[in-house]
Amino acid sequence: MRYVSTRGQAAPRNFEAVLLAGLAEDGGLFVPETWPTLTTAEWRALRGLPYPALAARILSLFGAGDLPLQAICEDAYAGFGHPAVVPLVQLDHRTFALELFHGPTLAFKDMALQVLGRMFDHVLERRGERVTIVGATSGDTGSAAIEACRDRAAVDIVILHPENRTSEVQRRQMTTVLAPNVKNIAVQGDFDACQDLVKAMFNDAPFRAEMHLSAVNSINWARIAAQVPYYVAAALALGAPDREVAVSVPTGNFGNVLAAWVARRMGLPISHFIIGSNRNDILARFLASNDMSALPVEPSLSPSMDIQVSSNFERLLFELLGRDAAATAETMTRFRAEGRMPVPDAAWKQAAALFTGFTLDDEGTLAEIRRLWTTAGYLADPHTAVGTAAARALAPADAAIPVIVAATAHPAKFPDAVERATGIRPPLPARLADLYDREERFGVMPNDLGAIEAAVRAHARRNAA
Ligand SMILES: Cc1ncc(COP(=O)(O)O)c(C=O)c1O
Ligand SMILES: N[C@@H](CCOP(=O)(O)O)C(=O)O
């Protein structure tokens, strides 16, 4: 399978090259040249597979079959805290929480990053190469990427997080990892600034080549590919392919819900895509009225979704525009220049027919956490609560369609919000019990590309020496 850039100017390449490249050289995102599809019988045949085997099978459809996928997936999910890896918990007659937070850092990012870390190791060892990973995080990608890459021989990793805008648990999960190949930088700005810095480093061709940059954010196609299998597992468990299902996904960078859309594109009958936003509701505004205009990022109780520029929307846009790379490039360039994305009406209507958006403020989030606790005995983190509230508000009219809510983080990552809502302070798992006593190490830097590049270079040189 080959991958092409959404902006059409980068050379097509295979899965392994896409894994290493991250962002395409033309600033676009890689997508499969053609989408793999499964027949009804092929979907049925996947029912009952253990999760690692299912994940390996789906990844093989994306051209990753040169890698030892079965071994990688078994090893990646062996340490998860639930035997099902991604358990489905019934919340009411038709709503199910798909718990994606049983990995080492307690958020859904582990689902893909535990796999990616092992893929990097395998590919780099065979090639005898080294990479420098630069990543941006609003709280969860950073810790999951650090956990997946710490102490790996051929990887240096630098993670940018927005200063004072993550939960304390999130920050400490990153900054207390003192492995020599790990560097954390708190940027004086918001997540969008961190993400812009990462993209700017990729777009600086000499720097990119010098550092052998690679990505762990969902701009890297491998991230999306490794997030598809859990939607497959949940849909099959609820009766697909012989029954339609809906998904509700608390959304920021649009990677997680895009993975669900990819499953649909492969033939899985996901009929509705419900997007939950906090007050940073650019996607909900877009779906309601074709208004994709970026406002300043506002802090909220669901900090991982404090995002205005949703990177992966570009992958959907490319499809909505009939895979017209020139039109995609022009639309994205105008969005960057003007802060407003001019999506043609026909494309918007296509998106709005499939996706609906819901916005929940902090008070609503607390009320939803409380409601879940009192009505279902379910302790949800604030991001998951945005997803369940969205599911209730926008569930399909046909009550026979179950709604799968992506439960994206463990409540213990956001203990303050959960305690405010329920009076219960969820404890961290035993392996993280001393998190507040561990030494932290991170730099604080201005939002300055030159300074950040110098810090990345110094980190990589120190480790290579
Ligand atoms: C806990 C949590 N929920 C939801 C999201 C939003 O997911 P996405 O960025 O894939 O839309 C994130 C960040 O990615 C997150 O960390
Ligand atoms: N919410 C994310 C933001 C980055 O998203 P990604 O899926 O592109 O890595 C985070 O927690 O860092």
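Residues numbered from 1 in each chain as written. Chains lettered and ligands numbered in written order. Predicted model: local features only at pLDDT ≥ 70, side-chain atom pairs only at ≥ 80, totals over all residues. Heavy atoms only, no water.

Colleague: Before we move on, could you go through the overall build of the protein chain and cite the residues and values that matter?
Modeller: If you tally the helices and strands in the protein chain, you get 19 helices and 15 strands. Relative to the compact-globule value of 23 Å for 465 residues, the protein chain shows a C-alpha radius of gyration of 20 Å, a close match. Across its three principal directions, the C-alpha atoms of the protein chain cover 60 × 50 × 45 Å. Here the protein chain holds 465 residues, and 63% of them are scored as buried. Expressed as a percentage of contacts within the protein chain between residues at least 6 apart in sequence, the contacts between residues at least 24 apart total 76%. Within the structure as shown, the protein chain displays about 16300 Å² of accessible surface, and the carbon and sulfur contribution to it stands at 51%. Here the protein chain holds 44 positive side-chain charges and 51 negative ones, and the gap between their average locations is 2 Å. (Helix = DSSP H or I, 4+ residues; strand = E, 2+ residues; numbered from the N terminus. Rg over C-alpha atoms; globule rule 2.2 N^0.38 Å. Buried < 20%, exposed > 50% of the residue type's maximum accessible area, 1.4 Å probe, protein only. Contact = heavy atoms within 4.5 Å. Areas by Shrake-Rupley, 256 points an atom, 1.4 Å probe, with all protein chains shown as cover. Lys, Arg positive; Asp, Glu negative; His and termini not counted. Charge placed at Lys NZ, Arg CZ, Asp CG, Glu CD.)

Colleague: Pulling in residues and values, what's your account of the environment of Met445?
Modeller: With respect to the secondary-structure elements, Met445 resides in strand S15 (residues 443–446). Met445 gets classed as buried once you look at its relative accessible area, which sits at 14%. Sequence separation between Met445 and Ile185 is 260 residues, and the spatial gap between their C-alpha atoms is 6.7 Å. When residues no more than four places from it in sequence are discounted, the contact partners of Met445 are Ile185, Ala186, Val187, Gln188, Ala451, Ile452 and Ala455.

Colleague: Hey, could you go over the pairing of strand S5 (residues 131–136) for me, with residue numbers and the actual values?
Modeller: Counting buried positions along S5 yields six of six residues, so the element is predominantly enclosed. Burial along S5 is two-sided: Val131, Ile133 and Gly135 and Thr132, Val134 and Ala136, pointing in opposite directions, are all buried. Looking at chain direction, S5 and strand S6 (residues 155–162) are connected through six bridges and run parallel. Its bridge partner being in S6, Val131 is matched across the sheet by Val155. Between the parallel pair S5 and S6, the chain is carried across by helix H6 (residues 140–149), and the sense of this crossover is right-handed. Taken together, the two bridges between S5 and strand S8 (residues 213–214) define a ladder with parallel strand orientation. Among the inter-strand pairings, Ile133 is bridged to a residue of S8, identified as Ser214. (Pairing = 2+ DSSP bridges. Right-handed = clockwise from strand over helix to strand, strands pointing away.)

Colleague: Got a sec to walk through the UniProt feature "domain: Threonine synthase N-terminal" (unreviewed entry) in the protein chain? Specific residues and values, please.
Modeller: According to UniProt, the feature "domain: Threonine synthase N-terminal" (unreviewed entry) maps to residues 2–77 in the numbering used here. The span residues 2–77 is 45% helical and 8% strand by assignment, and the distance between its end C-alpha atoms comes to 27 Å. (UniProt positions renumbered as here; feature names shortened; annotations may be inferred.)

Colleague: Break down the site of ligand 1 for me, with residues and values.
Modeller: Surrounding ligand 1, one finds 15 residues, the nearest of these being Lys109, Asp140, Gly252, Asn253 and Thr408. The separation between an oxygen atom of ligand 1 and a polar main-chain atom of Phe254 is 2.9 Å. For ligand 1, whose free accessible area comes to 380 Å², the fraction covered by protein is 98%. Class assignment for the residues of the shell around ligand 1 results in five nonpolar, eight polar and two charged. (Near = heavy atom within 4 Å. Polar contact = N/O pair within 3.5 Å; in protein donor to acceptor, adjacent residues only side chain to side chain. Nonpolar A, V, L, I, M, F, W, Y, C, P; charged D, E, K, R; others polar.)

Colleague: Hey, could you go over the site of ligand 2 for me, with residue numbers and the actual values?
Modeller: In the vicinity of ligand 2, 13 residues are found, and the nearest of them are Thr137, Asp140, Thr141, Asn217 and Ser218. Residue Thr137 places a side-chain N or O atom 2.6 Å away from an oxygen atom belonging to ligand 2. The side chain of Arg223 places a nitrogen or oxygen atom 2.8 Å from an oxygen atom of ligand 2. Here ligand 2, which alone exposes 340 Å², has 96% of that area covered by the protein. Partitioned by chemical class, the residues of the shell around ligand 2 number two nonpolar, eight polar and three charged.

Colleague: Now, about the confidence of the model for the protein chain: what can you tell me, with residues and values included?
Modeller: In the predicted model, the protein chain carries a mean pLDDT of 97, and the fraction of residues at 70 or more is 100%. Two summary scores accompany this predicted model of the complex, namely pTM at 0.98 and ipTM at 0.99. (pLDDT = per-residue confidence, 0-100.)

Colleague: Tell me about the packing of helix H8 (residues 191–203) against helix H19 (residues 449–464), and please be specific about residues and values.
Modeller: Between H8 and H19, whose axes approach to 10 Å, the crossing angle comes to 70°. Judged on the interaxial angle alone, H19 and H8 are roughly perpendicular. On the side of H8, the interface is formed by Leu197, Ala200 and Met201, while H19 contributes Leu449, Ile452, Glu453 and Val456. Counted by class, the contact of H8 with H19 contains six nonpolar, no polar and one charged residues. (Axes fitted to C-alpha atoms, helices over the stretch in contact; angles between N-to-C directions. Parallel < 35°, antiparallel > 145°, perpendicular 65-115°, else oblique.)

Colleague: Can you explain the sheet that holds S6? Please cite residues and give values.
Modeller: Across a sheet, strands are paired by hydrogen bonds formed along the backbone, either parallel or antiparallel in direction. An order of S8-S5-S6-S7-S15 is seen for the five strands of this open sheet, with the pairing classed as parallel. Bordering the open sheet on either side are S8 and S15, each of which pairs with just one other strand. With respect to the sheet, H8 is in contact with S5, S6, strand S7 (182–188) and S8, its orientation differing from that of S5 by roughly 150°.

Colleague: Let's hear about the packing of helix H4 (residues 69–78) against helix H5 (residues 109–127): which residues, and what values?
Modeller: Between H4 and H5, whose axes approach to 9 Å, the crossing angle comes to 130°. Looking at the two axes, H4 sits oblique to H5. Viewed along their axes, H4 and H5 form a crossing whose handedness is right-handed. Where H4 abuts H5, its residues Leu69, Ile72, Asp75, Ala76 and Tyr77 lie against Met111, Gln114, Val115, Arg118 and Met119. When its residues are assigned to classes, the contact of H4 with H5 shows seven nonpolar, one polar and two charged. (Left-handed = near helix turned anticlockwise from the far one by under 90°.)

Colleague: Which residues make up the pairing of S7, and what are the values?
Modeller: Taken across its seven residues, S7 has five buried, putting it largely inside the fold. By the bridge criterion, six bridges tie S6 to S7 in an arrangement that is parallel. Within the sheet, the bridge partner assigned to Pro162 lies in S7 and is Val187.

Colleague: Tell me about the side chain of Ser143, and please be specific about residues and values.
Modeller: Along the chain, the position of Ser143 falls in helix H6. Ser143 gets classed as buried once you look at its relative accessible area, which sits at 1%. At 3.3 Å, the side chain of Ser143 and the backbone oxygen of Asp140 are in polar contact. Those residues in contact with Ser143 that sit more than four places away from it in its chain are Thr105, Gln173, Met174 and Lys413.

Colleague: Go over the packing of aromatic side chains, please, and point to the residues and values.
Modeller: Going through the model one piece at a time under the given rule, you end up with 12 aromatic pairs. Look at Tyr3 and Trp221: their rings are 5.8 Å apart centre to centre, the planes differ by 45°, and that puts the pair in the tilted class. Separated by 218 residues along the polypeptide, Tyr3 in strand S1 (residues 3–5) and Trp221 in helix H10 (residues 221–237) bring together distant segments of the chain. A relative accessible area of 0% places Trp221 in the buried class. Residues Phe62 and Trp221 carry aromatic rings whose centres are separated by 5.5 Å and whose planes lie at 70° to one another, so their mutual orientation is edge-to-face. With Phe62 in the loop between helix H3 (51–61) and H4 and Trp221 in helix H10, the pair connects residues that are 159 residues apart, well separated along the chain. The same class applies to Phe62 as to Trp221, namely buried. (Phe/Tyr/Trp six-rings, centres within 6.5 Å; stacked < 30°, edge-to-face > 60°.)

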